[in-house]
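Working through the structure, step by step
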Amino acid sequence: MPRHVAVLGAGLTGLSSAFHLSRLHPNLKVTLIEGQKQAGGWVRSSRIALPDNYGSVLLEAGPRTLRPNAQSILELVNILKLQDRVITVSKDSPAAKARYLYIPPEYGGTAQGLQEIPSSLFGLLKSPLTRTLVPAVVQELFKWNNAPPDNQDESVDSFLRRRFGSSFAETFGSAIIHGIYAADSRKVSIGAAFPTMVDAANRGWGGLVRGMLVPSRKQDPGSYDVGDMPNRLEGAAVFSFRDGMQTLTDSLEEDLKRNSNVEIIYNSPASSLEHGRDEFQINLAGGQTIPATHVISTVPTPTLHHLLASSNGDSLQALIASPTSTVHVVNIVFPGPPSSIHPAGFGYLIPRPPSGYPANPSTSRPGFLGTVFDSCSLADQDTETPNPFSYDNARFTKLTVMVGGPYPTPSLPPFLSSSEGPTSPAERQLPDYMRTVLDQLSLHLSQTLPDPVYWRVVPNRRCIPTLLPGHTQRIQELRSFLDTRYEGRLQIAGAGVGGVSLGDCVEGGRKAARNLVL
Ligand SMILES: Cc1cc2nc3c(=O)[nH]c(=O)nc-3n(C[C@H](O)[C@H](O)[C@H](O)COP(=O)(O)OP(=O)(O)OC[C@H]3O[C@@H](n4cnc5c(N)ncnc54)[C@H](O)[C@@H]3O)c2cc1C
């Protein structure tokens, strides 16, 4: 049989795998198999027409910003010629400089409510958070090496607690992990989540601050076709696209569709993966069977476990080791400029409750992880020159609340957006779900909020894997098992394998395409 690669899953990782494969091997036949009607996975951007002549707003149901140091993403932007569609957040803007924590009253102490995380010496002098931050950092610098034996992996909470003390770990550590993984920092692996911190601590004889003062050995950045993207992004803290993150996945999909050697099959979840002498058979839920000589799997790892389990016994436990978080993404558009709703900045995160996560969903306090002030960073998606965004004069404010993760997720409202549900003004009341979200938001922002112009709740079920301690080692062992068993003809990638950030996903797809033994 001529070489034929099946890529399972057309999220960002699968699209990146197929894209790089067909660039490396232009004559290779590639079939991309997607379970849903559309590609893109968790990347979903929508432009919504607002009522009452407010115009339209671009809302993200999944990821919203990218870091300029993700070389593999810059490469895609360059090759796909998306440069002119990029929007940036300057390092000097409030969205880059001002990040907040909301410290609930249960924490006690002087630092309560919305507190700006100091980003300058002056900020440090006046912030109530200084009492937690400064002693923790100074003590860490002089602390002996208290790493676990044999440099074993541990949780983010355990690492930060060991180095910076419990107050720092509970306040800052738990909030940051809420923001990135929608998870409990006591469960997430430091090695998988922050490998550069572990490297720095190793350089600094166990100390993170010491390690950051020691220059790291220059690593070969690899060869990426980034064009002039680094120059274009100079001075940018993060970036996105005028039409949202889906620009990236849509452009990859369009590029693949133009390639006559690539076929994309939609709406056809793979239901099993069989392996004969030197061929795979992928059975799809609709009854179709796709033969392939090679496979790159980018579907969630528990799904791959299900596809392969019958032929591999217990050897694939690593695929089901990571639990996943469910997150309700609540996009809200308020009338009036951001200055009337929230302080200028990126948004705020909330540390875990000192008394622990509740066992049952609360009707009065949905489990808030944090809120992103989208208008401060992504307003270019909604405005055009000659009317650039203004914090004080914009017509509306968009923000996004993240609910769920380690908290029990509340029951969904009877309708999921303000454009659904009853149409008569008398019946158009906010559902209880949204009322409690707005009450919490008012509490955090210390003000009464106007009724939204638009809102929607996007329930993202099982969307972010929690990479438990030992993840990196488990995946290494799994890769060598698969390489031996399938002679390098089955590669794995995706958020549950190589890390959840978009940069990790594109890089993972790129590597899988290169590692496939053709
Ligand atoms: C709410 C939210 C906010 C986020 N914010 C950011 C951010 O700001 N920045 C950032 O860097 N990252 C962010 N992330 C993380 C990032 O979006 C994800 O990690 C990334 O999109 C995962 O891509 P993936 O292709 O690995 O997986 P997925 O997107 O899950 O793609 C897997 C694909 O496989 C398909 N599939 C599943 N089962 C089958 C089957 N049996 N057969 C065929 N196909 C199947 C699915 O339909 C899906 O299309 C966020 C994630 C979420 C959920």
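Since the model is a prediction, treat every value here as computed from it, not as a measurement. (Residues numbered from 1 in each chain as written. Predicted model: local features only at pLDDT ≥ 70, side-chain atom pairs only at ≥ 80, totals over all residues. Heavy atoms only, no water.)

Remarks on the overall build of the protein chain
Of regular secondary structure, the protein chain possesses 18 helices and 19 strands. A compact globule built from 518 residues should have a C-alpha radius of gyration of about 24 Å, and the protein chain, at 24 Å, falls within 12% of that. Split into buried and exposed, the 518 residues of the protein chain put 53% on the buried side. As presented, the protein chain carries roughly 23700 Å² of accessible surface, and 51% of it is formed by carbon and sulfur atoms. Each charge class in the protein chain can be summarised by its mean position, and for the 46 positive and 45 negative side chains these summaries are 3 Å apart. (Helix = DSSP H or I, 4+ residues; strand = E, 2+ residues; numbered from the N terminus. Rg over C-alpha atoms; globule rule 2.2 N^0.38 Å. Buried < 20%, exposed > 50% of the residue type's maximum accessible area, 1.4 Å probe, protein only. Areas by Shrake-Rupley, 256 points an atom, 1.4 Å probe, with all protein chains shown as cover. Lys, Arg positive; Asp, Glu negative; His and termini not counted. Charge placed at Lys NZ, Arg CZ, Asp CG, Glu CD.)

Overview of the side chain of Glu140
Structurally, the position occupied by Glu140 is in helix 5 (residues 130–142). At a separation of 2.7 Å, a polar atom in the side chain of Glu140 contacts the side chain of Arg163. There is a polar contact of 2.7 Å between the side chain of Glu140 and the backbone nitrogen of Leu208. Not counting residues up to four positions away in its chain, the partners in contact with Glu140 are Arg163, Phe164, Gly206, Gly207, Leu208, Val209 and Arg210. (Polar contact = N/O pair within 3.5 Å; in protein donor to acceptor, adjacent residues only side chain to side chain. Contact = heavy atoms within 4.5 Å.)

A short note on the pattern of salt bridges
Evaluation of the coordinates by the stated rule reveals 19 salt bridges. A salt bridge links Arg352 to Asp157; its shortest N-O distance comes to 3.1 Å. Within this pair, whereas Arg352 is found in the loop between strand 15 (347–349) and strand 16 (368–372), its partner Asp157 is found in helix 6 (residues 156–164), the two being separated by 195 residues in sequence. Taking relative accessible area as the criterion, Arg352 reaches 5% and is therefore assigned buried. Asp157 sits in the buried class, given a relative accessible area of 6%. The shortest N-O distance in the salt bridge between Arg258 and Asp255 comes to 3.8 Å. Judged by relative accessible area, which is 62%, Arg258 ranks as exposed. In the salt-bridge network here, residues are joined through shared partners; they are Asp157, Arg161, Glu170, Asp184, Arg186 and Arg352. (Salt bridge = Lys/Arg side-chain N within 4 Å of Asp/Glu carboxyl O.)

Observations concerning the site of the ligand
Around the ligand sit 32 residues, and of these Thr13, Glu34, Ala270, Val500 and Leu502 come closest. Within the backbone of Trp42, a nitrogen or oxygen atom sits 3.0 Å from an oxygen atom of the ligand. Between the ligand and the protein, one listed contact pairs an oxygen atom with a backbone N or O atom of Leu502 at 2.8 Å. Contact with the protein chains removes 87% of the 1000 Å² of surface that the ligand exposes when unbound. Looking at the shell around the ligand, the elements that each hand over two or more residues are helix 1 (12–24), strand 18 (454–465) and helix 18 (502–515). A total of three residues in the shell around the ligand trace back to one element, the largest contributor, which is strand 18. Among the residues making up the shell around the ligand, the classes are represented as 17 nonpolar, 13 polar and two charged. (Near = heavy atom within 4 Å. Nonpolar A, V, L, I, M, F, W, Y, C, P; charged D, E, K, R; others polar.)

Overview of the nonpolar core
Across soluble globular proteins, nonpolar side chains show a tendency to be buried alongside one another. Judged by nonpolar contacts, the single largest core of 43 residues is most densely connected at Leu21, Ile73, Phe239 and Phe241. If you list the elements that add at least two residues to this core, you get strand 1 (4–8), helix 1, strand 2 (29–33), helix 2 (71–79), strand 8 (236–241), helix 12 (246–257), strand 9 (262–265) and helix 18. In this structure, Phe241 is in contact with Leu66, Val77, Leu82, Arg85, Val86, Ile87, Thr247, Leu248 and Gln381, ignoring residues within four places of it in sequence. (Core = buried A, V, L, I, M, F, W, Y, C linked by side-chain atoms within 4.5 Å.)

Focus: the pairing of strand 17 (residues 396–404)
Of all nine residues in strand 17, nine are buried; the element is thus mostly enclosed. Across nine bridges, strand 14 (residues 324–335) lies against strand 17 in antiparallel orientation. By the bridge assignment, Val329 is partnered in strand 17 with Met402. The sheet contact formed by strand 16 and strand 17 spans four bridges and is antiparallel. Each residue of the ladder has a partner; that of Thr371, found in strand 17, is Val401. (Pairing = 2+ DSSP bridges.)

Things to note about the sheet that holds strand 7 (residues 113–116)
Within a beta sheet, neighbouring strands are joined by backbone hydrogen bonds and run either parallel or antiparallel to one another. The seven strands are arranged 7-6-15-16-17-14-18 in an open sheet whose pairing can be described as mixed. What marks the edges here is a single partner per strand, and that holds for strand 7 and strand 18. Neighbour to neighbour, the strand axes of the sheet diverge by 25° on average, direction disregarded. Examined bridge by bridge, strand 6 (residues 99–103) and strand 15 share three bridges and lie parallel to one another. The residue bridging Arg99 from the neighbouring strand is Gly347, located in strand 15. On top of the sheet, helix 15 (residues 432–445) reaches strand 6, strand 7, strand 14, strand 15, strand 16, strand 17 and strand 18; it is set at about 75° to strand 14, its chief contact. (Axes fitted to C-alpha atoms, helices over the stretch in contact; angles between N-to-C directions.)

Focus on the domain arrangement of the protein chain
Under the domain assignment, the protein chain is made up of domain 1 (4–42 + 244–322 + 467–515) and domain 2 (92–193 + 323–466). Centre-to-centre, using C-alpha coordinates, domain 1 lies 32 Å away from domain 2. Both sides together, the interface formed by domain 1 and domain 2 hides about 1200 Å², and carbon and sulfur atoms give 66% of it. When the buried surface of domain 1 facing domain 2 is broken down by residue, Trp42, Leu467 and Val500 rank first, second and third, together holding 48% of it. Scanning the region where domain 1 abuts domain 2 turns up zero salt bridges. Inspection of the domain 1/domain 2 interface yields four residue pairs in polar contact (both at pLDDT 80 or more). Of all the secondary structure elements, the ones that give two or more residues to the side of domain 1 that touches domain 2 are helix 16 (471–486) and helix 17 (495–498). Split by residue class, the side of domain 1 that touches domain 2 holds seven nonpolar, six polar and no charged. (Domains from an automatic or database assignment. Buried area = accessible area lost by both parts, 1.4 Å probe.)

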